[in-house]
Every structure is written in structure tokens, then in C-alpha cells.
Amino acid sequence: MTTFTIPIHNIKNAPTTIPVNCASSDLISRDQLLSFPAFQTWLSTLQHSLARQRYPTHEFHREPYALRKIDIQAVDRWGGRIGFLKLVADVSNDAGESFPGSIFLRGGSVGMLVSTVLEERKEEKTEKVNKSQLILQPDDIPSGSEKDKRAIMTIQPRIPAGSLEFPEIPAGMLDNSGTFAGRAASEIYEETGLSIPQNELVDMTSLALTSLQSRDNKNGPAEEPEEEELQKGVYPSPGGSDEFIPLFLYQKRMSREDIDALQGRLTGNRDEQEKITLKLVPLEDLWKEGLRDGKTLAAWALYQGLKQEGKI
């Protein structure tokens, strides 16, 4: 075992250091840990939450908790860079009370709800359609109608779930470059073959948070001067992982022939060992088709809620 220290800000936002214990000397260095984006985000978020205990209205103000040490258990690397990190964080108070701190660090992901609308074309229309651009809704479908919408799902192996045919909306992990929307557009292309202009993606998570904040502001000032700085995404497993997923929406007009061509298409980045089959389902059935996948259900709920409020 080897130990080094890292700087942190605890309860009163005062700088201090805590020990980091590694299971072996070659597991990870101090510089590697501090430069891992997922660790940076997790540590910053936790420190901000701990600092909020200084307010008398906070539930833990009398017996505040602090991050006291970190034990690094395992590191997975992809091509030399850190992919996954398993650690145990000791977050406890002076009374000896502690919170469960076994954490699987993997960073953020993105999820995309991609829906299509059938474009009914008359025989006399011969103009060609560029698949990469938005097509206006045809006259025979009322504006704002949900009729004939299809959601794109991916069917692929998910070994952690013990499945070779797991249904879910298109999704992917974030890397160290680009924006959430940029990564979402990239994942849509990799998993479906559809080229999506980044500025046409709708960030449903941010829209919902904005709606929530507007409601809270109408209810008067909060009792505390600040809130926790969680990431703008859905946390599918906050009891064991830092993963957060911003959920995006993209709606595209396509001909019936183009939609039929997507059904069952084999896609995925073979260099990343992806083997994906596309499945198009009626949008109203998405919650049933993807009921085992948390991000799919979250995307469905956000879509329905934002639609109800007239946000999309």
C-alpha cells in the first residue's frame, strides 16, 4: 500500500489535506488522480455540499460531516487513460457517524431521445431530401401532432447487466473534449448514422431544471443562500456511482422509406467493440419498450413533462 495527500476544502471551506491510500504503489499517482475529470467533478461537488453545513438551517449543522480519507481500490485504463475508478470515501462527523462511501467513478454520459415523424409524400413530388437537415412538417399532419412519431432505440450487449440484447435510447460516455451537446450529436451519428446539427438538439434536463428554478423563485427566497451544485443531468445510481446523464431530444422529419431503412440496421463503432442493432418503436410505447433502462424512462418522463408545460 502507498499513501499521498491531496488538498481539499471541508466544512468551513478552509483548505486542508486528506490522505489517499492506494492498494498498490503502481495503481495511480497523485497527479493522475487530480487530473482525472470524473474525480475532479466528484470532489468539487462533494466539497461544495459539505461547505453548506455551515449554515444554521442545515440539517447537519450541529454535527457536520467531513471528508477524512480516500481509499483507492481499483483503476481501469483505456489506452493509457483512466476510464473507471473504484474508491471508498470516509465521510464522517466527530460523533463517529458516517455515510456509505463506496463509489464507482466513471464521469458523465449523454442520452438522446431521437424521434422521427413520417413524411407522407405524394407521387408527383420528386424533389430529393437531404437527410442531414430538418424537413418541415407536411400539410397532412397537424402542427404539434404526436401522430406517427417513432423513437429510435439501440439493441446491444450490456455485459454488466448480463444481457446480449439490451434495449435503450442512444447513449455514450463523455470524453475529455467537446460539449455535452457535441458528444450527443457524435453518439447519434455513431449509433444511428444520422448527422445531427448540434444546435438542433434540445437539452431536456436543462429545460426541466430551468422550469423548476422558475417555480421556486416564485415561491419566495430560499431559506439558505445557496443550493448544492449537482451536475445538470439525471443520476441513475447515486447510491454507488457518480455517473450523471444530460438527456437530449432531437426530432427529425423523414420519409417512410428512410424510416423503414433504419429498422434493424447494424451500427456502432467497431473500434470500441460496439455491435448495435437499431429498433424503431412508436413513441407512445417507448416507456414499455425501454422499461428496464433508467435513462430511457427518464427521457420519456422529461419529454412528457416538458410537452405538458409547452416547453417543447
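Structural data are supplied above this passage.
What you are looking at is a predicted structure, and each value in this text was computed from that prediction instead of being measured.

## A look at the pairing of strand E8 (residues 163-168)
Then, in step 1: Bridge count between strand E7 (residues 149-158) and E8: 4 bridges; the pairing is antiparallel. Looking at the pairing, Thr154 lines up with Glu168 of E8.
Then, in step 2: What sits between E7 and E8 in their antiparallel hairpin is a turn of 4 residues, with Gly162 showing a positive phi close to 75°.

## Quick word on the nonpolar core
Then, in step 1: Of all hydrophobic cores here, the largest spans 28 residues; its most connected members are Phe39, Trp42, Leu67, Ile70, Ile72, Leu85 and Leu87.
Then, in step 2: Listed by contribution, the elements that provide at least two residues to this core are strand E1 (2-9), strand E2 (15-22), helix H2 (37-51), strand E3 (65-78), strand E4 (81-93) and strand E5 (102-105).
Then, in step 3: At 6 residues, H2 tops the list of elements feeding residues into this core.
Then, in step 4: With residues up to four places along the chain from it excluded, the contact list for Phe39 reads Ile6, Leu33, Leu34, Ile70, Leu85, Leu87 and Leu105.
Then, in step 5: Counting residues in hydrophobic clusters, the runner-up holds 19 residues, among them Val110, Leu194, Met254 and Leu262.

## What about the pairing of E4?
Then, in step 1: By the bridge criterion, 12 bridges tie E3 to E4 in an arrangement that is antiparallel. Within E4, the position partnered with Tyr65 by the bridge is Asn93.
Then, in step 2: Between the end of E3 and the start of E4, which pair antiparallel, lie 2 residues, with Gly79 showing a positive phi angle near 60°.
Then, in step 3: Across 4 bridges, E4 lies against E5 in antiparallel orientation. For Leu85, the partnering residue across the bridge sits in E5 and is Leu105.

## So, the pattern of salt bridges
Then, in step 1: Within this structure, the stated rule accounts for 8 salt bridges.
Then, in step 2: Put simply, Arg68 and Asp94 hold a salt bridge, and the shortest N to O gap is 3.2 Å. Residue Arg68 is found in strand E3, and its partner Asp94 is found in the loop between E4 and E5; the two are separated by 26 residues along the sequence.
Then, in step 3: Taking relative accessible area as the criterion, Arg68 reaches 32% and is therefore assigned partly exposed.
Then, in step 4: Residue classification places Asp94 among the exposed residues on the basis of a relative accessible area of 71%.
Then, in step 5: A salt bridge links Glu243 to Arg106, with the nearest nitrogen and oxygen atoms 3.6 Å apart. Here Glu243 is found in the loop between helix H4 (204-218) and strand E11 (247-255), whereas its partner Arg106 is found in the loop between E5 and strand E6 (109-119), with 137 residues between them in sequence.
Then, in step 6: The exposure class of Glu243 is buried, given its relative accessible area of 15%.
Then, in step 7: Here the residues in one salt-bridge network are Arg158, Glu168, Asp293 and Lys295, joined through shared partners.

Reading the values: the criteria
- Chains are numbered independently. Their residues run from 1 in the order of the written sequence.
- With pLDDT at 70 or above as the cut-off, local features in this predicted model cover only qualifying residues; side-chain atom pairs require 80 or more to be listed or tallied, and sums for whole chains, interfaces and linings still use all residues.
- Calculated side-chain values reflect all of the structure's heavy atoms, with hydrogen atoms and water omitted.
- In this description, strands pair whenever DSSP reports at least two bridges between them.
- Note on conventions: DSSP H or I runs of at least 4 residues are helices, E runs of at least 2 residues are strands, and numbering of each starts at the N terminus.
- By convention a nonpolar core is built from buried Ala, Val, Leu, Ile, Met, Phe, Trp, Tyr and Cys residues, the set being connected through side-chain atoms within 4.5 Å.
- Per-residue accessibility, obtained with a 1.4 Å probe over protein chains only, is compared with the maximum for each type, and a residue is labelled buried under 20%, exposed over 50%, and partly exposed between these values.
- The contact criterion used throughout is that any non-hydrogen atoms of two residues lie within 4.5 Å.
- We count a salt bridge whenever a side-chain nitrogen from Lys or Arg sits within 4 Å of a carboxyl oxygen from Asp or Glu.

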